[in-house]
Amino acid sequence: MSFIKLTDLDLAGKRVLIRADLNVPVKDGKVTSDARISASMPTIEHCVAAGAKVQVMSHRGRPEEGKVDDENSMQPIADDMSAKLGKEVRLVKDYLDNAPEIADGEVVLFENVRFNAGEKTDNEDLAKQYAALCDVFVMDAFGTAHRAQASTHGAGKFAPTACAGLLLASELDNLAKALAKPARPMVAIVGGSKVSTKLTVLEALSEKVDQLVVGGGIANTFLKAMGNNVGKSLCEDDLVGTAQELVEKMKERGANIPIATDVVCGKEFSETAEATLKAAGDVEDDDMIFDIGPDSAKELAEIISKAGTIVWNGPVGVFEFDQFGEGTKTVSMAIADADGFSLAGGGDTIAAIQKYDIYDKVSYISTAGGAFLEYLEGKTLPAVAMLEERAKG
């Protein structure tokens, strides 16, 4: 992959427009989780230090496009950024009509890009309006790199110069490290409720990895494929055949999908449900499988400890209820203790990393969900393709 990096450019006195991913949760006008803002700050601070006129834009929430909606205003994010920078970050609302006056080293934040009609459809006129506001367009929102929208893709096509920000460049470097030339053995852990939403990822990874660990509801479909009763568990009967094919396909090339030998069941999905440990073959018709048992968790921990590369997307059980969280905890701790290069991404995965406090023990944590999965599938991300195209000159 070759693209211009922000660090390659002289930014002094230049109008820089950074597309960041600042879509963070807000309650009562205050940001409640600032992880994405913090991840975007090094790029912003680099531009400030270089003496650029810094403009930042992002989407937030899902407002009706083309309508201003106070509920989804970027003001709370501007307040949070002001506190982090130690100086005021103005929120600019009418930037499309009036290009803001900005001093060298100053930072302003544009109002929600989704208030602009044509944003989601990558409207060319809107993209050109964004591009006209800058000398350098910086794509730094890996979380939206898989969407071709006016602020992520179109603006970069028409800006005088387009480059990758520090966060985006770091994401792409780490993903390439894990996937392009992985240290072996390579282990992927893919959890989630449905095989159907992760099927293309499972198929792509099944050709690359030495061990493909399936977790959550996905694992139930594989348990059933191996002839086990899964009771009332979340399971996709129409994909049982696909699960069998994936197991066979990996076996043929000496790779493996470890299937749980023991499971933790409950009779209902609730915080107070009683957890019962059972052998995988002893699940009853009214049981729901909510976690893997200790034997299966121990087997996974051993596989992880020997891995050269670990790609992690999704928990292996309903870890938000502690009685069904031991499997995910064991896997999390094994990843934390492993010597191999570990790459994690996705909202539930980050929630598990926070819950078990292993933030600084995972080699690289991606800020993205959808873009992370599409990259694992081998798909071309529109914003990345645009940057590669622009690097050709």
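Quick caveat: nothing in here was measured; it's all calculated off a predicted structure. Note that residues are indexed from 1 along each chain, following the sequence as it is written. Two thresholds apply to this predicted model, a pLDDT of at least 70 for residue-level local features and 80 or more for giving and counting side-chain atom pairs, whereas whole-chain, interface and lining totals are computed over all residues. Heavy atoms from the whole structure form the basis of all side-chain values; hydrogens and water molecules are not counted.

A. Highlighting the sheet that holds strand E12 (residues 276–279). Strands sit in the order E12-E11-E13 across an open sheet of 3 strands; the sheet is antiparallel. At either margin of the open sheet sits one strand with a lone partner, and together these are E12 and strand E13 (288–292). Each neighbouring strand pair of the sheet contributes to a mean axis angle of 45°, computed without reference to strand direction. Across 4 bridges, the pairing between strand E11 (residues 262–266) and E12 is antiparallel. If you follow Val263 over to E12, its bridge partner there is Lys278. What makes two residues a contact is simply this: any of their non-hydrogen atoms within 4.5 Å. The convention used is that axes are lines fitted to C-alpha atoms, helices contributing only their stretch in contact, and that angles between N-to-C directions extend from 0 to 180 degrees. Helix and strand assignments follow DSSP, with helices taken as H or I runs no shorter than four residues and strands as E runs no shorter than two, numbered in order from the N terminus. Packed on one face of the sheet, helix H9 (residues 294–305) meets E11, E12 and E13 and runs near 40° to E13. Paired strands, in this sense, are two strands between which DSSP finds at least two bridges.

B. Quick look at the nonpolar core. Definition of nonpolar core: a set of buried residues of the types Ala, Val, Leu, Ile, Met, Phe, Trp, Tyr and Cys, connected through side-chain atoms within 4.5 Å. Partly exposed residues are those whose accessible area sits between 20% and 50% of the maximum for their type, while under 20% is buried and over 50% is exposed, using a 1.4 Å probe and protein chains only. Counting 70 residues, the largest nonpolar core has Tyr130, Phe137, Phe142, Leu202, Leu212 and Phe222 as the members making the most contacts within it. With 7 residues, the single largest contributor to this core is helix H5 (residues 166–179). Look past the residues within four positions of Phe137 in its chain and what remains in contact with it is Leu17, Arg19, Met57, Ser151, Thr152, Ala155, Gly156, Ala159, Thr161, Ala162, Cys163 and Met386.

C. Inspection of the UniProt feature "binding site: (2R)-3-phosphoglycerate" (unreviewed entry) in the protein at higher detail. Per the UniProt record, "binding site: (2R)-3-phosphoglycerate" (unreviewed entry) is found at Arg36, Arg114 and Arg147. Checked against the element boundaries, Arg114 lands in the loop between strand E6 (107–110) and helix H3 (124–132). Within the secondary structure, Arg147 sits in the loop between strand E7 (136–139) and helix H4 (150–158). Taking relative accessible area as the criterion, Arg147 reaches 32% and is therefore assigned partly exposed. With residues near it in sequence (within four places) discarded, Arg147 still touches Arg114, Thr152 and Pro382. UniProt positions are given in the numbering used here, feature names are shortened, and annotations may be inferred rather than shown by experiment.

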